[in-house]
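Listed below, chain by chain, are the residues.
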Amino acid sequence: MMEKELLNEQEIERILTRITHEILEKNKGAQNICLIGIVTGGVYLAERIKNKIKETEGIDVPLGVLDISFYRDDINISKKRKTIKPTNIPFSIDNRTVILVDDVLFTGRSTRAAMDALMDFGRPAQIQLAVLIDRGHRELPIMANYTGKYIPTSREEKIKVNFKETTGKDSVLLIKQ
Amino acid sequence: MKDLVGIKELSRQDIEEILNTAKAFKEVLQRDIKKVPTLRGKTAINLFFEPSTRTRTSFELAEKRLSLDVLNFSVSTSSVVKGETLYDTLKTIEAYNVDYIVIRHSCSGAAKFVASHTPASVVNAGDGTNEHPTQALLDAFSILEVKGRLDGLKIAIVGDIIHSRVARSNLYLLSKFDTEIRFVGPPTLLPEQPPDNVKLFYDLKSGIKDADIIMLLRIQLERQNAAFIPSLKEYFHVWGLKKEAFSYIKDDAIIMHPGPMNRGVEISTEVADSPRSVILRQVTNGIATRMAVIYLLTQREV
């Protein structure tokens, strides 16, 4: 197994600053937006974007946590079961612009599951997608509005995102089996 | 794991996984849309060979919240009254290609028998005096919600222990955690030889006064083939939990009952409706816990 560091802590920080500015530019500020992080990596990223919006605009954007396990289409075929974390969206998403945040965009099935779940919570004005890494291999017609870095990968390769919150250090690794 | 036949077969880790998943489903039950598409296209059948309202409706609601197609089978309207065996009933049901069978039966071991003769996932909804695993799981979930932990608690189980599958499943579950378990009741309703980790109390006050959890059981007259207590009135007088108990039990003790409760037999109205009672919370948690069990039993390709 070979590991290659694609992004370090500083680079991730710069990317998140850029994504934050792109979100604010596209939405002309932060007035009507909310952030929803997809468990677990997306939540850490959404928290950081929230803090950056607060620093830049002085606005506390609502932040929700979404676990998509109950909306996945692969319950029969996934070999591994992930630990489920309760979803927590303590505000109305009706008529808001929801920024969905995830660490890696791959087949698009997680994003679809997240959008299905959001529709059970209300009727957002818009859903936008922000991802740190887009590794390609889409199986559904889904594209991110904000992409940190596009990294073309082979199916055999894996992308691993480490977070300070869990491993003590931020990094993005390419793993070849 | 294919089936949930009893708590006895589960590890502490299995139980923690079920309780953790139940927490996520409890959040689903608090939404405006209380339904998830998780098991769309799959089918569950509720096979109830014994009368039941709350357990059957709780399972049915849990199944519907998971988007399962649900069939209900009750013995009074089935071919069982015409003499069909459990095995033949099961084979007929299997021909429907169901994915989950929830079974309640008056014979201990019925759930295990069914589980070993079908590829469907089987959930035991109570078999004779053996086990009622989802009741113990929902009790544990309710305790965890209120107390934040299971370890380090003193739990008094009061009443008809020998006839109770709820007591048995709770005993197995709580024994996997660092708990002090007490059986409290008249000698005729307590086991003569309790497990080593259980303390017997033949006096209500001493059994419950410093307990964190007071778990009352229903007097199971339908399972008693002899006179174990002189009368229900006398049972209430000596063993019923009445408001006087508030003067000596712990301030933060909670009162539980698996239902259906008999007011004026094991519990007084003042206690049943008091803020210490978590009986209705147990009912709500039953749905989330049963959703978790069914979800986790979903068979996966390997």
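Residues numbered from 1 in each chain as written. Chains lettered and ligands numbered in written order. Predicted model: local features only at pLDDT ≥ 70, side-chain atom pairs only at ≥ 80, totals over all residues. Heavy atoms only, no water.

**Quick notes on the packing of aromatic side chains**
Logical step 1: This model, assessed by the stated rule, comprises five aromatic pairs over all chains.
Logical step 2: For the pair Phe70(A) and Tyr295(B), a centre-to-centre distance of 5.3 Å together with 85° between the ring planes defines the contact as edge-to-face. On the criterion of chain membership, the pair formed by Phe70(A) in the loop between β3 (63-66) and β4 (97-105) and Tyr295(B) in helix α10 (residues 279-297) is interchain, its members lying in two chains.
Logical step 3: With centroids separated by 5.8 Å and ring planes inclined at 50°, the aromatic side chains of Phe49(B) and Phe73(B) adopt a geometry described as tilted. With Phe49(B) in the loop between β1 (43-48) and α2 (54-65) and Phe73(B) in strand β2 (residues 69-74), this pair connects stretches of sequence that are 24 residues apart. (Phe/Tyr/Trp six-rings, centres within 6.5 Å; stacked < 30°, edge-to-face > 60°. Helix = DSSP H or I, 4+ residues; strand = E, 2+ residues; numbered from the N terminus.)

**A word on the interface of chain B and chain A**
Logical step 1: The interface of chain B with chain A comprises 23 residues on the first partner and 17 residues on the second.
Logical step 2: Between chain B and chain A, the buried area comes to about 1900 Å², and carbon and sulfur atoms account for 55% of it.
Logical step 3: Counting across the chain B and chain A interface gives zero salt bridges.
Logical step 4: The tally of links between chain B and chain A comes to three residue pairs in polar contact (both at pLDDT 80 or more).
Logical step 5: Looking at the side of chain B that touches chain A, the elements with two or more residues in it are α1 (12-29) and α10 of chain B.
Logical step 6: Looking at the side of chain B that touches chain A residue by residue, the class counts come to 10 nonpolar, five polar and eight charged. (Contact = heavy atoms within 4.5 Å. Buried area = accessible area lost by both parts, 1.4 Å probe. Salt bridge = Lys/Arg side-chain N within 4 Å of Asp/Glu carboxyl O. Polar contact = N/O pair within 3.5 Å; in protein donor to acceptor, adjacent residues only side chain to side chain. Nonpolar A, V, L, I, M, F, W, Y, C, P; charged D, E, K, R; others polar.)

**Regarding the nonpolar core**
When a protein is soluble and globular, its nonpolar side chains tend to lie buried together.
Logical step 1: Counting residues in each nonpolar core, the largest one holds 81 residues, and the members touching the most others are Ile36(A), Leu66(A), Phe70(A), Phe25(B), Ile157(B) and Leu173(B).
Logical step 2: Of the residues forming this core, the biggest block, nine residues, is contributed by α10(B).
Logical step 3: Inspection of this core shows a minimum of three residues originating in each of domain 1 (12-131 + 283-301) and domain 2 (133-278) of chain B. (Core = buried A, V, L, I, M, F, W, Y, C linked by side-chain atoms within 4.5 Å. Buried < 20%, exposed > 50% of the residue type's maximum accessible area, 1.4 Å probe, protein only. Domains from an automatic or database assignment.)

**As for unusual backbone geometry**
Logical step 1: Between Val39(A) and the following residue, Thr40(A), the backbone shows a cis peptide bond with an omega angle of -5°.
Logical step 2: Tracing the sequence through the fold places Thr40(A) in the loop between β2 (33-38) and α2 (41-57).
Logical step 3: In this structure, the amide linkage connecting Gly259(B) to the following residue, Pro260(B), adopts the cis form with an omega of -10°.
Logical step 4: By secondary structure assignment, the location of Pro260(B) is in the loop between β9 (254-256) and α9 (269-272).
Logical step 5: Positive phi, normally seen in glycine, also occurs at Asn95(A), with a value near 65°.
Logical step 6: One can find Asn95(A) in the loop between β3 and β4.
Logical step 7: In this structure, Ser67(B) takes a positive phi of about 70° despite not being glycine.
Logical step 8: Along the chain, Ser67(B) falls in the loop between α2 and β2.

**Focus on the side chain of His257(B)**
All names here are of chain B.
Logical step 1: In this structure, His257 sits in the loop between β9 and α9.
Logical step 2: When its relative accessible area of 1% is taken as the criterion, His257 is described as buried.
Logical step 3: Looking at His257, its side chain comes within polar contact range of the main-chain nitrogen of Gly259, at 2.8 Å.
Logical step 4: Leave out the neighbours within four places in its chain, and His257 touches Leu216, Leu217, Arg218, Glu266, Ile279 and Gln282.

**Structural notes on the domain arrangement of chain B**
Residues and elements named next belong to chain B.
Logical step 1: By the assigned domains, chain B splits into domain 1 (12-131 + 283-301) and domain 2 (133-278).
Logical step 2: Taken together, the contacts link 26 residues of domain 1 with 25 residues of domain 2.
Logical step 3: At the boundary of domain 1 with domain 2, total buried surface from both sides reaches about 2100 Å², with 61% on carbon and sulfur atoms.
Logical step 4: Three residues, Arg12, Leu19 and Glu131, lead the burial of domain 1 against domain 2; their summed loss comes to 29% of the area buried on that side.
Logical step 5: Where domain 1 touches domain 2, the interface holds three salt bridges.
Logical step 6: Put simply, domain 1 and domain 2 have 10 residue pairs in polar contact (both at pLDDT 80 or more) between them.
Logical step 7: Among the secondary structure elements, those contributing two or more residues to the side of domain 1 that touches domain 2 are α1, α2, β3 (100-105), β4 (121-127) and α10.
Logical step 8: Tallying contributions element by element places α1 first for the side of domain 1 that touches domain 2, with eight residues.

**Some thoughts on the pattern of salt bridges**
Residue and element names in this part refer to chain A.
Logical step 1: The tally for this structure, following the rule as stated, stands at 33 salt bridges over all chains.
Logical step 2: Among the ionic pairs, Lys50 bridges to Asp60, the shortest N-O distance being 3.1 Å. With Lys50 in helix α2 and Asp60 in the loop between α2 and β3, this pair connects stretches of sequence that are 10 residues apart.
Logical step 3: Residues Arg155 and Glu139 are paired through a salt bridge, measuring 2.9 Å at the closest nitrogen-oxygen approach. Separated by 16 residues along the polypeptide, Arg155 in the loop between β6 (146-150) and β7 (157-162) and Glu139 in the loop between β5 (126-134) and β6 bring together distant segments of the chain.

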